[in-house]
Amino acid sequence: MGFKEEIERRRTFGIISHPDAGKTTLTEKLLLFGGAIHVAGAVKSNKIKKTATSDFMEIERQRGISVATSVMGFEYNGIKINILDTPGHQDFAEDTFRTLTACDSVIIVIDAAKGVETQTRKLMQVCRMRKTPVIVFINKLDRPANDPFDILDDVEKELQIRVNPLSWPIGSGDTFKGIYNLHRQNLCLYSPSIQNIPEGIEITDTRSDELDHHIGERAAGKLREDLELIQGVYPSLDRQEYLDAHVAPVFFGSALNNFGIRELLDCFIEIAPAPLARETEERPVRPEEEKFTGFVFKIHANMDPNHRDRIAFVKICSGIFKRNTNYLHVRNGKMLKFSTPTAFMASKKSVIDEAYPGDIIGLHDTGTFKIGDTLTEGEKLHFKGIPSFSPELFKYIENADPMKSKQLAKGIDQLMDEGVAQLFVSQFNNRKIIGTVGALQFEVIEYRLLHEYAAACRWEPINLYKACWIEAQDQAELEDFKKHKAQYMAKDKEGRDVFLADSQYMLHMAQENYKKLIFHFTSEF
């Protein structure tokens, strides 16, 4: 197969949603359909000891939530699919925002009873900013749900995007009979089964008696009415409108019961975009370019606790990545060679010889990579749009075991490189301050330091409002500012000046009094 064909057959997408909408369950079922796994795991269940493939960290298994993005690849009908399952919980939103930079399209999962929730709105904002094409999957139809037309109105209003239903539910909860696939014009009857994959029944003419025979007269009458209304309100799908992120195709189903997944997957591989061009500070990079380029969008320490390894996740943007070939690490100007690049199935890894645009590969990292780093065949490129956000919660981190200070320092260093949280060193008292976007991250850091680095830490409260990166247009003014605000100054991991304001008023006054300083709320400036 030629280089162009390899690019065309790749689909790289992220799955996003509010916590508990069924995102990880959907990921499991997509893997099941792709033959990548044979038994789908449960995200929450005391009876089933099999946990979700994408929740591979110990803390995820205990909590029943995803706290880190996981990457999984599989083949389906000749198409190579790369899924990024992201955390839904808002405390881990930063990981999700960064992961979206590596996606060419997105599937949004929405709970049919709860509709669009807060976190979904925030994530959709990021998709809108990047003009990422989205498909919506309305989940949990096997439970009592809102009226499908109301759900569509809710999605249009809340996510500010036009919708186009490509499958339609027949009832919900106890009256759930199945779905009608508008895209393929066939009927799929519902039977609650976690492992079997339902087959579709061809019904091209919905006015035929065959429909009444399968779902009953009343349900058939309602479906005919609904379909008539859909044809009047929603035009047939224009793929270009979807690719331009103006329209979101909508599918209905129940991920837990494998229902409606095939319809989603079949349509997805047909309409979703192959790898797209990427913006760099220097120029756009097109996937079909001969020379290899890629960027690091995530770093994960200790994926295999037995080996204490760190993996840098690299999205390939152009050319072919080859094993044991020298590539330029743009930030530090060194040539690097990788003998064991890996492809992923969550925490399971397999060594690969080459990878194509759209693929996500893992590179063993000894501390050389940071999030946002670029690898090329020699050209100096810097990919855009991988920010660190200003944290909202802050705590001093202290060593709880003096015998383990080395382990604690190493643990903090590696976890901060992952972008789990941010480290600031106070220039006033030299104490280490951890900043996060959510309270749960402190628990995750403490848990991982203890279980992965055998280092115990304790937290001490600190009252801060915001961390701001400072850019100076006048060096003398910066020096004056640092002298007057000495006890609020810190350095981040890169050694940049950070102002830790303890109140909104204090930040406002600093901005008023020092006009030649620029205060940034993301580290990307």
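Before reading on, note that the structure itself is shown above.
Keep in mind that this is a model prediction, so the values were computed, not measured.

As for the overall build of the protein
No. 1: Broken down by element type, the protein carries 14 helices and 31 strands.
No. 2: A fraction of 71% describes how many contacts in the protein between residues 6 or more apart in sequence connect residues 24 or more apart.

Things to note about the packing of helix α2 (residues 23-33) against helix α10 (residues 261-271)
No. 1: It is at 10 Å that the axes of α2 and α10 come closest, and there the two elements cross at 75°. When the axes of α2 and α10 are compared, the pair comes out roughly perpendicular. When α2 is examined against α10, the residues Leu26, Lys29, Leu30 and Phe33 are found in contact with a partner set consisting of Ile261, Arg262, Leu264 and Leu265.
No. 2: Partitioning the contact of α2 with α10 into residue classes produces six nonpolar, no polar and two charged.

Re the packing of aromatic side chains
No. 1: Going through the model one piece at a time under the given rule, you end up with 19 aromatic pairs.
No. 2: Between Phe321 and Phe338 the ring centres are 6.3 Å apart and the planes differ by 40°, which places this aromatic pair in the tilted class. Here Phe321, found in strand β16 (residues 321-322), pairs with Phe338, found in the loop between β18 (334-337) and β19 (342-345); they are 17 residues apart in sequence, far enough to count as distant. Each of the two residues, Phe321 as well as Phe338, counts as buried.
No. 3: What links up through ring pairs into an aromatic cluster is the set Phe292, Phe321, Tyr327, Phe338 and Phe369.
No. 4: Of note, Lys298 hangs over the ring of Phe313, and the distance from its end group to the ring centre comes to 5.6 Å.
No. 5: The ring of Phe442 is capped by Lys395, whose NZ or CZ atom sits 4.7 Å from the centre of that ring.

A closer look at the side chain of Asp373
No. 1: Mapped onto the secondary structure, Asp373 falls in the loop between β22 (360-364) and β23 (374-376).
No. 2: On the accessibility criterion, Asp373 (5% relative accessible area) is buried.
No. 3: In terms of polar contacts, Asp373 uses its side chain to reach the side chain of His329, at 3.2 Å.
No. 4: A polar contact of 2.8 Å, which involves the side chain of Asp373, links it to the backbone nitrogen of Lys370.
No. 5: Beyond its immediate stretch of four places on either side in the chain, Asp373 contacts Gly294, Phe295, Val296, His329, Arg331 and Thr368.

Things to note about the nonpolar core
The nonpolar side chains of a soluble globular protein tend to be buried with one another.
No. 1: Of all hydrophobic cores here, the largest spans 57 residues; its most connected members are Ile138, Val155 and Phe252.
No. 2: Built from parts of two domains, this core gets at least three residues from each of domain 1 (1-269) and domain 2 (276-374).
No. 3: The residues touching Phe252, leaving out its near neighbours within four places in the chain, are Phe137, Ile138, Leu141, Pro148, Ile151, Leu152, Ser167, Trp168, Pro169, Ile179 and Gly260.
No. 4: In terms of nonpolar packing, the next biggest core, distinct from the first, is built from 29 residues, Leu30, Phe74, Phe137 and Tyr242 among them.

Topic: the environment of Trp469
No. 1: Positionally, Trp469 belongs in strand β28 (residues 466-472).
No. 2: Here the alpha-carbon distance between Trp469 and Arg496, two residues 27 residues apart in the chain, equals 7.4 Å.
No. 3: Looking at Trp469, its side chain comes within polar contact range of the side chain of Asp492, at 2.9 Å.

What about the state of the cysteines?
No. 1: For the structure on display, the rule yields zero disulfides.
No. 2: Cys127 takes part in no disulfide bond, and the closest cysteine sulfur, belonging to Cys103, lies 8.2 Å away.

Examining the side chain of Asn139
No. 1: Assignment of secondary structure puts Asn139 in strand β5 (residues 134-139).
No. 2: Since its relative accessible area comes to 3%, Asn139 is described here as buried.
No. 3: Discounting residues that sit within four places of it in the chain, Asn139 has contacts with Ala21, Gly22, Val109, Ile110, Asp111, Ala112, Gly253, Ser254 and Ala255.

What to know about the sheet that holds strand β30 (residues 497-501)
By definition, the strands of a sheet pair up through backbone hydrogen bonds, in either a parallel or an antiparallel sense.
No. 1: Taken in spatial order, the eight strands line up as β27-β24-β26-β25-β29-β30-β28-β31 in an open sheet, and their pairing is antiparallel. Every interior strand has two partners, whereas the edge strands, β27 (457-461) and β31 (517-520), have only one. Strand-to-strand twist across the sheet, computed as the mean angle between neighbouring axes with direction ignored, equals 40°.
No. 2: Taken together, the four bridges between strand β25 (residues 422-426) and strand β26 (residues 432-436) define a ladder with antiparallel strand orientation. Across the sheet, Phe424 pairs through a bridge with Ile433, a residue of β26.
No. 3: Packing against the sheet, helix α11 (residues 405-417) makes contact with β24 (393-399), β25, β26 and β27, and its axis sits at approximately 155° to β24.

A short note on α10
No. 1: Along α10, nine of the 11 residues are buried, which leaves the element largely enclosed by surrounding structure.
No. 2: Residues of α10 that are buried include every one of Ile261, Glu263, Leu264, Leu265, Asp266, Cys267, Phe268, Ile269 and Ile271, and no others.

Structural notes on the pattern of salt bridges
No. 1: Taken as a whole, this structure holds 29 salt bridges when the rule is applied.
No. 2: Residue Asp353 pairs with Arg323 through a salt bridge whose shortest N-O separation is 3.0 Å. Residue Asp353 is located in the loop between β20 (348-351) and β21 (354-355), and its partner Arg323 is located in the loop between β16 and β17 (326-329); the two are separated by 30 residues in the primary sequence.
No. 3: Take Asp353: its relative accessible area is 53%, and that puts it in the exposed class.
No. 4: Accessibility expressed as a relative area gives 32% for Arg323, which makes it partly exposed.

Remarks on the pairing of β5
No. 1: Of all six residues that make up β5, six are buried, and the element is covered over most of its length.
No. 2: Alternating positions in β5 separate into two faces, Val134, Val136 and Ile138 on one and Ile135, Phe137 and Asn139 on the other, with burial throughout.
No. 3: Examined bridge by bridge, strand β4 (residues 105-111) and β5 share six bridges and lie parallel to one another. By the bridge assignment for β5, Asp111 is matched with Asn139.
No. 4: Tracing the backbone out of β4, into helix α5 (residues 118-130) and back to the parallel element β5 gives a crossover that is right-handed.
No. 5: Strand direction decides the pairing type here: β5 and strand β11 (residues 247-252), joined by three bridges, are parallel. Each residue of the ladder has a partner; that of Phe137, found in β11, is Phe251.

Parameters at a glance
Residues numbered from 1 in each chain as written. Predicted model: local features only at pLDDT ≥ 70, side-chain atom pairs only at ≥ 80, totals over all residues. Heavy atoms only, no water. Helix = DSSP H or I, 4+ residues; strand = E, 2+ residues; numbered from the N terminus. Contact = heavy atoms within 4.5 Å. Axes fitted to C-alpha atoms, helices over the stretch in contact; angles between N-to-C directions. Parallel < 35°, antiparallel > 145°, perpendicular 65-115°, else oblique. Nonpolar A, V, L, I, M, F, W, Y, C, P; charged D, E, K, R; others polar. Phe/Tyr/Trp six-rings, centres within 6.5 Å; stacked < 30°, edge-to-face > 60°. Buried < 20%, exposed > 50% of the residue type's maximum accessible area, 1.4 Å probe, protein only. Lys NZ or Arg CZ within 6 Å of the ring centre and 35° of its normal. Polar contact = N/O pair within 3.5 Å; in protein donor to acceptor, adjacent residues only side chain to side chain. Core = buried A, V, L, I, M, F, W, Y, C linked by side-chain atoms within 4.5 Å. Domains from an automatic or database assignment. Disulfide = S-S within 2.5 Å. Pairing = 2+ DSSP bridges. Salt bridge = Lys/Arg side-chain N within 4 Å of Asp/Glu carboxyl O. Right-handed = clockwise from strand over helix to strand, strands pointing away.

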